[in-house]
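# Residue-level structural notes
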Amino acid sequence: LNSKLTVDTRSAVLNDVSFQYGPNERAVTLAGAGTFKFGAKPLLQGRLSARQIDLDRLLVSAKAPRQLPLAKLRAFGEMIGSAIRPPWPVALSLQVDNVTLGEALLQRVAADLHSENADWALDRLELRAPGFSNAKLRGKLYRVGNGLGFAGGAEIDSSDPKTLLTWATGSAGSTKPMARWRAKGDITLAPDRIAVEGLHTEIQGNTVTGGLAYAWPTANRPARVDADLRATELDLDALIGAGRTALSGLDLEVPREIALALDIDRARIAGLRAKDIKARLSLDTHGLEIERLSIGDFGEASIRATGR
């Protein structure tokens, strides 16, 4: 960190700030200005900006040179999680025109954040991702070991979700065109799981609400998915296909434990139309337990089932 410093009895003004992070040959560099206020409640306020930041270059790995965006973000969190621990309160604004991540550009990246004890509050993060996708996040960044976790709200509006999916997972999945996708919910990114609560999303013109969580496998437990979804209409065939694509592309282990609750007015299952689907079931190493399964109309038949 380099800066020109002007000091009086109440504050220190930092001009021509240059902040560099990472090895010299592939470091991230930002410029800006700031003010440090003295007193009983000291506060460092600053603003930093850059035209271009190359996270791919910063996070290059000989073992996995083509990591997907999620893996690179986790690596970035581990890199800075133990490094950025301010000894006093900080309020910071960031503005970057272009960020290279996963061999694509994130554009107009803007963030406002402030420190809370040893953690950070993300007041605002806005960016434009591949597929003409606008994303917004707000919440808490907290330390988990040497890494970072996140808990807060997120919104996304994508005009070309297929391009977004290809960038995020490395595969587009189905060749069918995808309509505009909007989604919002409360996200938790923790060392043991990814979860979305309060989900409200529009898929192919249909609205889906509920929650979804994926837990990474541990020494004592296999990978697990919990889902509670409600929809007026849903293509379960397409949803399962997208889930498989995401798991494969993100290099996530296929779950061997599943807890599923569904309440869907109309759906497509195995190529057939179904109506009035209500299900609550679980799958684990002991087998499949059906607490409740009812389909009002499935291939001109109705189904009711419980058991193991």
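Scroll up to find the structure.
Every value quoted in this text rests on a predicted model; they were computed, and no experiment measured them.

### A closer look at the side chain of aspartate 56
Inspection of the secondary structure assignment puts aspartate 56 in helix α1 (residues 55–58). According to the relative accessible area criterion, aspartate 56 is buried, its value standing at 12%. Polar contacts involving the side chain of aspartate 56 include one to the main-chain amide nitrogen of glutamate 103, which spans 2.8 Å.

### A short note on the environment of glycine 211
Within the secondary structure, glycine 211 sits in strand β12 (residues 206–215). Sequence separation of glycine 211 and leucine 70 is 141 residues, and the distance between their C-alpha atoms is 20 Å. Apart from residues no more than four positions distant in its own chain, glycine 211 is found in contact with Val196, Glu197, Asp226, Ala227, Asp228 and Leu229.

### Quick look at helix α3 (residues 161–169)
Quick reminder: α-helices carry 3.6 residues per turn. Residues three or four places apart thus point the same way. Burial in α3 covers these residues: Pro161, Lys162, Leu164, Trp167 and Thr169. Just beyond α3, the residue with positive phi is glycine 170, at close to 85°.

### So, the packing of aromatic side chains
Evaluation of the coordinates by the stated rule reveals three aromatic pairs. With centroids separated by 5.1 Å and ring planes inclined at 80°, the aromatic side chains of phenylalanine 36 and tryptophan 88 adopt a geometry described as edge-to-face. Of this pair, phenylalanine 36 sits in strand β3 (residues 28–37) while tryptophan 88 is found in the loop between α2 (69–81) and β5 (90–101), placing the two residues 52 residues apart along the sequence. The class for phenylalanine 36 is buried, based on a relative accessible area of 15%. You can call tryptophan 88 partly exposed: its relative accessible area is 36%. Between tyrosine 214 and tryptophan 216, the aromatic rings sit 6.0 Å apart at their centres with planes inclined by 90°, giving edge-to-face as the arrangement. An aromatic cluster of at least three residues, connected via ring pairs, comprises Phe36, Phe38 and Trp88.

Definitions and cut-offs
Residues numbered from 1 in each chain as written. Predicted model: local features only at pLDDT ≥ 70, side-chain atom pairs only at ≥ 80, totals over all residues. Heavy atoms only, no water. Helix = DSSP H or I, 4+ residues; strand = E, 2+ residues; numbered from the N terminus. Buried < 20%, exposed > 50% of the residue type's maximum accessible area, 1.4 Å probe, protein only. Polar contact = N/O pair within 3.5 Å; in protein donor to acceptor, adjacent residues only side chain to side chain. Contact = heavy atoms within 4.5 Å. Phe/Tyr/Trp six-rings, centres within 6.5 Å; stacked < 30°, edge-to-face > 60°.

No statement about biological role is implied by the geometric values presented.
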